Amino acid sequence: MPAVHTVLVVGSGLAGTAAAIPLAERGVAVDLVEVKPDIATAGSGITLQGNALRELRKLGVWEAVRERGYGFDSLGLRAPDGTLLAEIPDARTGGPDLPATVGMPRPDLARILAERAGSAGVKVRFGCTATALAQDATGVDVTFSDGTTGRYDLVVGADGIRSAVRRLLGIALETRPTGMGIWRAFGPRPASVTRTDLCYGGASYIAGYCPTGEGTLYAYIVEDAQDRSGLSPEERLATLRELAAAYHGPWDDIRATLTDPARVNYTWFETHLLPAPWHRGRIVLIGDAAHSCPPTLAQGGAQALEDAAVLTELLLAADTLDEDVWTAFTERRHARAAEVVTASVQLGQWLLDREPGDVPGLMARIAALVSQPA
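Keep in mind it's a predicted model, so treat the numbers as computed, not measured. (Residues numbered from 1 in each chain as written. Predicted model: local features only at pLDDT ≥ 70, side-chain atom pairs only at ≥ 80, totals over all residues. Heavy atoms only, no water.)

Draft legend 1. Fine view of the overall build of the protein. The helix and strand tally for the protein stands at 10 helices and 20 strands. Taken over the C-alpha atoms alone, the protein extends approximately 60 × 45 × 40 Å along its principal axes. Burial analysis of the protein (374 residues in total) assigns 54% to the buried set. For the protein, contacts bridging at least 24 residues in sequence account for 72% of all contacts bridging at least 6. Just so you have it, the protein exposes about 15400 Å², and 53% of that area is on carbon and sulfur atoms. Counting 34 positive and 45 negative side-chain charges, the protein places the centres of these two groups 2 Å from one another. (Helix = DSSP H or I, 4+ residues; strand = E, 2+ residues; numbered from the N terminus. Buried < 20%, exposed > 50% of the residue type's maximum accessible area, 1.4 Å probe, protein only. Contact = heavy atoms within 4.5 Å. Areas by Shrake-Rupley, 256 points an atom, 1.4 Å probe, with all protein chains shown as cover. Lys, Arg positive; Asp, Glu negative; His and termini not counted. Charge placed at Lys NZ, Arg CZ, Asp CG, Glu CD.)

And the structure:
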């Protein structure tokens, strides 16, 4: 029998749904609550490396992801004028039978996972979250924002970088900006874009793009973090177009499609890492609630999926929820996630400091790490 019979998952992102699905399939009664009113429909795209695809295949959604996404196996490096400097075979970190990378629209991935969770028997409530947690030796009493209550063997806090569960546990964790801000735009894919190409340098730190389907992509430009909150949607679009004017090649085709202010957003790179352990009694934090890295290595989603996979594997293999489970979880996840976070921050810091670092070596080291099963 699994170590738990009733589980509450807080947060319907990658970590939360990936934890809920295998538990429910094995007969655990899983409630999932999400503070947002419905499945996320906003956002641009997501880059899924092979180790993320490996976990999505275990969840039974790989075929749907392949159908809706865009797979590729190389990475291009370009000069600001569009000249292709190098074409690098990308590491197939999920194994030889999976693409190195798949890009896809974030809302599509959210819907695929939500549908899979529903078919597995997960009970989902939107517009609801936990507002109070009280635990004892045998369970956790939860009060919800809609006034209802429940008792569970385990609570999984998978509610993102500003986790409410983390706050309810009284954990003081500093989430700090790294000094970079990123413009993202979602739009049509020109024929010239068939993989991710990156340009380091020029007017900004990084200019890149990722195909997310036969007809879509997301493009991004990384600059010094600035307060852009006062810009109107039209001003945001104009700013992105101005920054993009410094880049050519496929960027000329992309820039011509940047016409919709509603498809442009701007955020800062942020990071944190919760020291081990990530649990307090029968409440555990996973995904961005426990660790968050800037997207310089495109590993945030993959690390969230790996957290969920390891946690559920251990819960389903154990007879009781004891310290052996938590020790094994810490040993398999903390050092690995910490190395990814540190490397992701380091890559950005080299750019901020304008110090040439061993970028290929760093990328190769992380690729070798995540190629191994979590």
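Draft legend 2. Structural detail: the sheet that holds strand β9 (residues 130–135). The three strands are arranged β9-β10-β11 in an open sheet whose pairing can be described as antiparallel. Bordering the open sheet on either side are β9 and β11 (149–152), each of which pairs with just one other strand. The mean inter-strand angle of the sheet, taken between neighbouring strand axes irrespective of direction, is 20°. In terms of strand pairing, strand β10 (residues 140–144) meets β11 through four bridges, oriented antiparallel. (Pairing = 2+ DSSP bridges. Axes fitted to C-alpha atoms, helices over the stretch in contact; angles between N-to-C directions.)

Draft legend 3. Looking closely at the pairing of strand β14 (residues 196–200). Along β14, four of the five residues are buried, which leaves the element largely enclosed by surrounding structure. Joining the antiparallel neighbours β14 and strand β15 (residues 206–211) is a turn of five residues, in which Gly201 adopts a positive phi near 100°.

Draft legend 4. Structural view of the packing of aromatic side chains. Tallied over the full model, the rule gives seven aromatic pairs. Pairing Phe144 with Tyr152 gives two aromatic rings, centres 6.5 Å apart and planes at 90°, and the pair type is edge-to-face. When its relative accessible area of 6% is taken as the criterion, Tyr152 is described as buried. Taking the centre distance of 5.5 Å and the plane angle of 35° together, the rings of Tyr218 and Tyr220 count as tilted. By relative accessible area, which is 8% here, Tyr218 ends up buried. Given a relative accessible area of 12%, Tyr220 falls into the buried group. Clustering of aromatic rings is evident, with ring pairs tying together Tyr209, Tyr247 and Trp251. If you follow Arg125 out to its NZ or CZ, it ends over the ring of Phe144, 4.5 Å from the centre. (Phe/Tyr/Trp six-rings, centres within 6.5 Å; stacked < 30°, edge-to-face > 60°. Lys NZ or Arg CZ within 6 Å of the ring centre and 35° of its normal.)

Draft legend 5. Local environment of the pattern of salt bridges. Inspection of the entire model under this criterion finds 24 salt bridges. Measuring nitrogen to oxygen at the nearest pair gives 2.6 Å for the salt bridge that ties Asp252 to Arg255. Of this pair, Asp252 and Arg255 both sit in helix α7 (residues 250–257), separated by three residues, roughly a single helical turn. Look at Arg255 and you get buried, because its relative accessible area is 16%. Here the residues in one salt-bridge network are Arg78, Glu87, Arg195 and Asp197, joined through shared partners. (Salt bridge = Lys/Arg side-chain N within 4 Å of Asp/Glu carboxyl O.)

Draft legend 6. View of the sheet that holds strand β8 (residues 123–126). Across the sheet, six strands lie side by side as β8-β2-β1-β12-β19-β18; this open sheet has mixed pairing. A single partner strand is all that each edge strand has here, and the edge strands are β8 and β18 (279–280).

Draft legend 7. Examining the side chain of Asp307 more closely. Tracing the chain through its elements places Asp307 in helix α8 (residues 300–317). Using a relative accessible area of 0% as the deciding quantity, one classes Asp307 as buried. Looking at Asp307, its side chain comes within polar contact range of the side chain of Arg333, at 2.6 Å. Ignoring sequence-local partners within four residues, the contact set of Asp307 consists of Trp278, Ile286, Gly287, His291, Phe329 and Arg333. (Polar contact = N/O pair within 3.5 Å; in protein donor to acceptor, adjacent residues only side chain to side chain.)

Draft legend 8. Here's a closer look at the state of the cysteines. Tallied over the entire structure, the rule returns zero disulfides. Residue Cys199 stays outside any disulfide, its sulfur separated by 17 Å from that of Cys210, the closest cysteine. With no disulfide of its own, Cys293 has Cys210 as its nearest cysteine by sulfur position, at a separation of 16 Å. Overall, Cys293 belongs to the buried group, its relative accessible area being 14%. (Disulfide = S-S within 2.5 Å.)

Draft legend 9. A look at helix α2 (residues 50–58). In terms of burial, α2 is largely enclosed, as seven of its nine residues are buried. Turning to α2, its buried residues are Gly50, Asn51, Ala52, Leu53, Arg54, Glu55 and Leu56. Backbone geometry just after α2 places Gly60 at a positive phi near 85°.

Draft legend 10. Geometry of α8. With 18 residues, α8 ought to run about 26 Å at 1.5 Å a step, and its terminal C-alpha atoms sit 26 Å apart, in line with that. With 14 of 18 residues buried, α8 is to be regarded as a mostly interior element. (Expected span 1.5 Å × (residues − 1).)

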